[in-house]
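Each chain, written out:
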Amino acid sequence: MNVFARELLRWYDHHGRKDLPWQHPRDAYRVWLSEIMLQQTQVVTVVGYFQRFVERLPTLASLAAADEDTVLALWSGLGYYRRARFLHRAAQLCVERHGGELPRELDALMALPGIGRSTAGAILAQAHGLRFPILDGNVKRVLSRYHGIAGFPGESAIEKQLWRHAAEHTPAERIADYTQAIMDLGATVCVRAKPLCLLCPQAATCVAHRDGLTGVLPTAKPGKKIPTRSLAMLLLRDARGRVLLEKRGPQGVWSGLWSLPEATDPDAAGMVASGLARIGEADPLPAFTHVFSHYRLDVSPILFDHAAPLATVADRDDRRWCDREELASLGLPAPVRTLLANLPEIAP
DNA sequence: AAGTCGGGGCT
DNA sequence: AGCCCAGACTT
């Protein structure tokens with residue numbers, strides 16, 4: 001076994017994480033679900049969502065049989081909702097194509113929606129002990145420092161080098177442990193800011209440590225400033241306290257989630273609202289800003305209390321008057337859920 | 001190669 | 001205030 005892997009496994013035996021919920025039991029479905037949830041999402045955030053999800057949908061078959069609103073409700077607040085829709089579709093494809101199980105071949109895994117090369121490698125390595133490398137954010141950070149590779153890891157030439165090193169280091173034995181170990185090293189020792197090189201099993205041979213480059217490697221993403229958009233959210237509430245929600249389409253942000261009707265700005269809100277219900281006065285609520293990774297959204301919520309549902313808008317698949325109980329069973333964008341939770345009581 | 005897709009934690 | 005996180009997909 002190569003020196004890198006041997007030292008890493010020795011460290012893992014004493015200091016690795018061995019009590020994460022997807023490690024017990026470590027079956028393919030749970031590894032897969034954890035990998036999808038962990039895409040661009042930190043472990044501490046995922047743990048609670050993972051436990052709730054597997055409690056409600058413990059098997060691939062139960063996921064495939066669930067309806068989309070149930071899956072999105074379990075995902076609500078976690079973000080990147082396309083992951084949940086891909087997960088759901090992939091489970092159904094496994095039932096159709098692979099006898100109800102995840103395939104054990106790299107190509108077949110990568111052909112499923114939401115599974116790229118790194119996620120496929122993680123599933124094969126961790127669930128089945130097969131010798132496939134991974135290259136997530138942790139591994140990119142560890143390897144770019146260890147080998148002293150400058151350049152943004154998202155750039156294709158850099159990423160290609162990193163994949164080559166990742167494959168070289170991956171041992172023939174103890175693949176599942178090795179895969180967990182290199183992620184643990186990145187998450188707990190070779191962290192982005194102020195890495196704990198004194199505790200690192202690779203410090204003696206790490207280029208960045210030798211040359212004092214841990215502060216500049218890996219090379220940061222080239223910065224860019226993000227635009228600001230704005231809209232008004234319409235809170236149409238009837239006498240029973242129900243709120244009108246609309247299911248968003250398959251494209252764009254919050255795809256498939258239930259959200260509030262929107263207008264381009266507060267001045268247009270009355271016109272839009274009157275097309276959805278018989279309304280009285282508009283009551284502006286405090287505006288807030290929601291930040292995405294690629295733009296900033298200024299939201300002006302406007303409350304229309306004592307709204308009277310129009311028959312023509314009440315009975316569509318993508319439009320629904322919801323009480324508080326129903327909200328819990330639907331996927332809502334995080335800021336909308338917060339907004340509804342903090343709504344003032346109905347004025348007399 | 002660049003843009004799209006969330007939300008939260010950390011500095 | 002800005003950056004990053006167990007990335008993948010689309011254009």
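Note that the structure is predicted; figures quoted are calculated from it, not measured.

J.: I would appreciate a short explanation of the packing of aromatic side chains in the present structure.
T.: Centre distance and the angle of the planes are the two values used to describe a pair of aromatic rings. Inspection of every chain in the model, using the stated rule, returns six aromatic pairs. On the basis of an interplanar angle of 75 degrees and a centroid distance of 4.9 Å, the ring pair of Phe4 and Tyr146 is categorised as edge-to-face. Of the two residues, Phe4 sits in helix α1 (residues 3–15) while Tyr146 sits in helix α9 (residues 137–146), which places them 142 residues apart along the sequence. Among the aromatic residues, those joined into a ring-pair cluster are Trp254, Phe292 and Tyr295. The ring of Tyr12 carries Lys18 above its face, with NZ or CZ at 4.7 Å from the centroid. In this structure, Arg117 is placed above the aromatic ring of Trp163, and the distance from its NZ or CZ to the ring centre is 3.8 Å.

J.: Would you mind showing me how to read the protein's contact with DNA strand B here?
T.: As a structural note, the neighbourhood of DNA strand B is formed by 21 residues, with Tyr81, Ser156, Lys224, Trp254 and His290 the closest of them. Sugar plus phosphate, as a fraction of atoms of DNA strand B within 4 Å of the protein: 62%. For DNA strand B, a base nitrogen lies 3.1 Å from a polar atom in the backbone of Gln40. In terms of residue class, the surface near DNA strand B is made up of nine nonpolar, ten polar and two charged.

J.: Would you mind going over the sheet that holds strand β10 (residues 319–322) with me for this structure?
T.: Strands in a sheet are paired, the pairing made by backbone hydrogen bonds, and the direction either parallel or antiparallel. The three strands are arranged β3-β2-β10 in an open sheet whose pairing can be described as antiparallel. The open sheet has two edge strands with one neighbour each: β3 (258–259) and β10. The pairing of strand β2 (residues 243–247) with β3 spans two bridges and is antiparallel. By the bridge assignment for β3, Glu246 is matched with Ser259.

J.: Is there a simple way to think about helix α10 (residues 156–169) in this case?
T.: An α-helical turn contains 3.6 residues, so any two residues separated by three or four positions project in the same direction. Here α10 is 14 residues long and its end C-alpha atoms lie 20 Å apart, about the 20 Å a rise of 1.5 Å per residue gives. Those residues of α10 that fall on the buried side of the exposure criterion are Ile158, Leu162, Trp163, His165, Ala166 and His169. Seen end-on, α10 carries its buried residues on one side only, within an arc spanning 165 degrees. Turned more than 90 degrees off the buried face of α10, the exposed positions are Ser156 and Lys160. On the buried face of α10, the contacting elements are α1, α8 (117–128), α9 and α11 (175–188).

J.: I would appreciate a short explanation of a nonpolar patch on the surface in the present structure.
T.: On the surface, Leu196, Leu198 and Leu199 cluster together into a nonpolar patch covering about 370 Å² of accessible area. Note that Leu198 resides in the loop between α11 and α12 (207–211).

J.: Would you mind going over the environment of Arg174 with me for this structure?
T.: Considering the arrangement of structural elements, one finds Arg174 in the loop between α10 and α11. The spatial distance from the C-alpha of Arg174 to the C-alpha of Gln126 is 9.5 Å, given a sequence separation of 48 residues. Excluding its chain neighbours within four sequence positions, the residues that come into contact with Arg174 are Leu9, Tyr12 and Asp13. Only 2.8 Å separates the side chain of Arg174 from the side chain of Asp13, close enough to count as a polar contact.

J.: It is not clear to me how the protein's contact with DNA strand C should be interpreted in this structure. Could you clarify?
T.: Looking at DNA strand C, there are 27 residues lining it, with Leu38, Gly114, Thr119, Asp136 and Asn138 nearest. Atoms of DNA strand C within 4 Å of the protein: sugar and phosphate make up 65%, bases the balance. Taking Trp22, its side chain carries an N or O atom lying 3.1 Å from a base nitrogen of DNA strand C. With respect to DNA strand C, the side chain of Asp136 contributes an N or O atom lying 2.5 Å from a sugar or linking oxygen. Counting residues per element, the ones that place at least two in the surface near DNA strand C are α6 (82–97), α8, α9 and α11. The greatest single-element share of the surface near DNA strand C, amounting to three residues, is contributed by α9. Of the residues in the surface near DNA strand C, the class split is ten nonpolar, ten polar and seven charged.

Basis of the calculations
- Residues numbered from 1 in each chain as written.
- Chains lettered and ligands numbered in written order.
- Predicted model: local features only at pLDDT ≥ 70, side-chain atom pairs only at ≥ 80, totals over all residues.
- Heavy atoms only, no water.
- Phe/Tyr/Trp six-rings, centres within 6.5 Å; stacked < 30°, edge-to-face > 60°.
- Helix = DSSP H or I, 4+ residues; strand = E, 2+ residues; numbered from the N terminus.
- Lys NZ or Arg CZ within 6 Å of the ring centre and 35° of its normal.
- Near = heavy atom within 4 Å.
- Polar contact = N/O pair within 3.5 Å; in protein donor to acceptor, adjacent residues only side chain to side chain.
- Nonpolar A, V, L, I, M, F, W, Y, C, P; charged D, E, K, R; others polar.
- Pairing = 2+ DSSP bridges.
- Expected span 1.5 Å × (residues − 1).
- Buried < 20%, exposed > 50% of the residue type's maximum accessible area, 1.4 Å probe, protein only.
- Arc of directions from axis to C-beta.
- Contact = heavy atoms within 4.5 Å.
- Patch = residues over 30% accessible without salt bridge, like charges linked within 9 Å, V, L, I, M, F, W, Y side chains within 5 Å.
- Areas by Shrake-Rupley, 256 points an atom, 1.4 Å probe, with all protein chains shown as cover.
- Salt bridge = Lys/Arg side-chain N within 4 Å of Asp/Glu carboxyl O.

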